[in-house]
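# Chain and residue survey
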Amino acid sequence: MRIPIIAGNWKMNKTTAEAIELVNVLKEGMGDTDVKVVICCPYTVLATVKKAVEGTNIKLGAQNMHWEDSGAYTGEISADMLKEQGVEYVIIGHSERRQYFNETDETVNKKVKKALEKALIPILCVGESLEERETDKTFDVVKEQVLKALEDVEASDMKNIVIAYEPIWAIGTGKTATPEQANEVIAYIRNVLKEKYGEEISEIVPIQYGGSVKANNATEIMNQSDIDGALVGGDSLKAESFLGIINF
Ligand code: PGA
């Protein structure tokens, strides 16, 4: 049984005061949920959020990291720095990073391997563009992204990975993939894992859907056979909507 993971990706949002306010309302409204909840917040509020979620089962996540341990990489952050703040999860290869910051499958692969080495759980993001979907390239694109990201990743590490399928055309656009479309690609990703690592391992990797997940579509998405959670952008910024998703 895979436990659903609902992760909020705050992107470049929330000052300290705003972060505290949001987390406090989330804590009050969460109740006893069986899903894993992760908040991937900006670096500047990691320590604040860590403190605010103490005693709850909300986990701390970051949105990116560098693949080197340390060095002359102005503006970057290392796995050890994240761990020091209590981070357990790290989003890797989000489409916005691939699109605006030139991340490639190669750098994504280096980051995944470093995160695993440092015992951080990567939330590896993959997904096709609208053009790729419309020209029937979805499956090829996603397969290539998954296989390249997991190059030289050992089977024994696969229990410590989360994959997020996020069609780029559905991110922040209000256009959600239909639950069936999302499930189809996610089932396909599971099959790619099966071919590479065998059935047993393919069955333990949680695969989330991301892209305009909202309280009013979460249940339908989460009820799909292969979808194990959601990576939520916009609607993780408001307590009410994120709670609606958590309590789907
Ligand atoms: P969205 O973003 O929920 O705002 O579409 C999802 C994501 O980028 O992870």
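Now for a look at the structure at hand. Residue indices begin from 1 for each chain and proceed along its sequence in written order. Restriction of local features to residues with pLDDT of at least 70 applies here, the model being predicted, together with a cutoff of 80 or more for giving and counting side-chain atom pairs; totals for whole chains, interfaces and linings are based on all residues. As a rule here, side-chain values come from all non-hydrogen atoms in the structure, and water together with hydrogens is ignored.

Around the ligand lies a shell of 13 residues, among which Lys 11, His 94, Glu 166, Gly 172 and Ser 212 are the nearest. Any pair of nitrogen or oxygen atoms within 3.5 Å is treated as a polar contact; in protein, a donor-acceptor pairing is required on top of that, and neighbouring residues in sequence qualify only through side-chain atoms on both sides. Within the side chain of Glu 166, one N or O atom sits 2.6 Å away from an oxygen atom of the ligand. Here Gly 234 contributes a backbone N or O atom positioned 2.8 Å from an oxygen atom of the ligand. Where accessible areas are quoted, they stem from the Shrake-Rupley method and a 1.4 Å probe; at the residue level, only the protein chains shown are allowed to cover. In isolation the ligand offers 280 Å² of accessible surface; the protein chains occlude 96% of this area. We call a residue near a molecule or strand as soon as one heavy atom of that residue lies within 4 Å of the molecule or strand.

What follows is about helix H8 (residues 179–197). Strands here are runs of E lasting at least two residues and helices are runs of H or I lasting at least four, both read from the DSSP assignment and numbered beginning at the N terminus. Multiply 1.5 Å by the residue count of a helix minus one, and that product is the helix's expected span. In a regular helix each residue adds 1.5 Å, so 19 residues correspond to 27 Å; H8 covers 26 Å between its end C-alpha atoms and thus fits that length. Note on exposure labels: buried denotes an accessible area under 20% of the residue type's maximum, exposed denotes more than 50%, and partly exposed covers the range between, all computed with a 1.4 Å probe on protein chains only. Along H8, the residues classified as buried are Pro 179, Ala 182, Asn 183, Val 185, Ile 186, Ile 189, Arg 190, Val 192, Leu 193 and Tyr 197. Two residues or fewer past H8, Gly 198 is found with a positive phi of approximately 95°.

Attention now moves to unusual backbone geometry. In this structure, Asn 102 takes a positive phi of about 55° despite not being glycine. Examined against the element boundaries, Asn 102 turns out to sit in the loop between helix H4 (95–100) and helix H5 (105–117). Looking at Asn 102, the relative accessible area reads 63%, which means it is exposed. Phi angles above zero are rare outside glycine, and Ser 212 is one such case at about 55°. Among the structural elements, Ser 212 can be located in the loop between strand S7 (207–210) and helix H10 (215–222).

Turning next to the pattern of salt bridges. By definition, a salt bridge exists where a carboxyl oxygen of Asp or Glu is found within 4 Å of a side-chain nitrogen of Lys or Arg. Summed over all chains, the structure comprises 18 salt bridges. Among the salt bridges present, the one from Glu 203 reaches Arg 2, with a minimum N-O distance of 3.2 Å. Of this pair, Glu 203 sits in the loop between helix H9 (199–202) and S7 while Arg 2 sits in the segment before strand S1 (5–9), placing them 201 residues apart in sequence. Notably, a salt bridge pairs Lys 118 with Asp 80, separated by 3.2 Å at the nearest N-O pair. Residue Lys 118 is found in the loop between H5 and strand S5 (121–126), and its partner Asp 80 is found in helix H3 (residues 79–84); the two are separated by 38 residues along the sequence. When its relative accessible area of 38% is taken as the criterion, Asp 80 is described as partly exposed.

Quick look at the packing of H5 against helix H7 (residues 138–149) now. Lines are fitted to the C-alpha atoms to define the axes, a helix being fitted only along its stretch in contact, and any angle between axes, read from their N-to-C directions, falls within 0 to 180 degrees. At a minimum axis separation of 8 Å, H5 and H7 run at an interaxial angle of 45°. In this view, H5 runs oblique relative to H7, as classed from their interaxial angle. Residues Asp 105, Glu 106, Val 108, Asn 109 and Val 112 of H5 touch H7, and the partners they reach there are Glu 144, Gln 145, Lys 148 and Ala 149. Classifying every residue of the contact of H5 with H7 by side-chain character gives three nonpolar, two polar and four charged. Each angle gets one of four labels, with under 35 degrees taken as roughly parallel, over 145 as roughly antiparallel, 65 to 115 as roughly perpendicular, and the rest as oblique. Only heavy atoms enter the contact rule, under which two residues are in contact if any of them lie within 4.5 Å. Think of it as three bins: nonpolar holds Ala, Val, Leu, Ile, Met, Phe, Trp, Tyr, Cys and Pro, charged holds Asp, Glu, Lys and Arg, and polar takes everything else, Gly as well.

Any two strands are treated as partners once DSSP identifies two or more bridges connecting them. Pairing is parallel around the closed barrel formed by eight strands, whose spatial order is S1-S2-S3-S4-S5-S6-S7-S8. Across the sheet, the axes of successive neighbouring strands diverge by a mean angle of 25°, strand direction being ignored. Taken together, the four bridges between S1 and strand S8 (residues 229–232) define a ladder with parallel strand orientation. Counterpart to Ile 6 in the pairing with S8 is Ala 230. Across the sheet, H8 is in contact with S5, strand S6 (162–165) and S7; its angle to S7 comes to roughly 150°.

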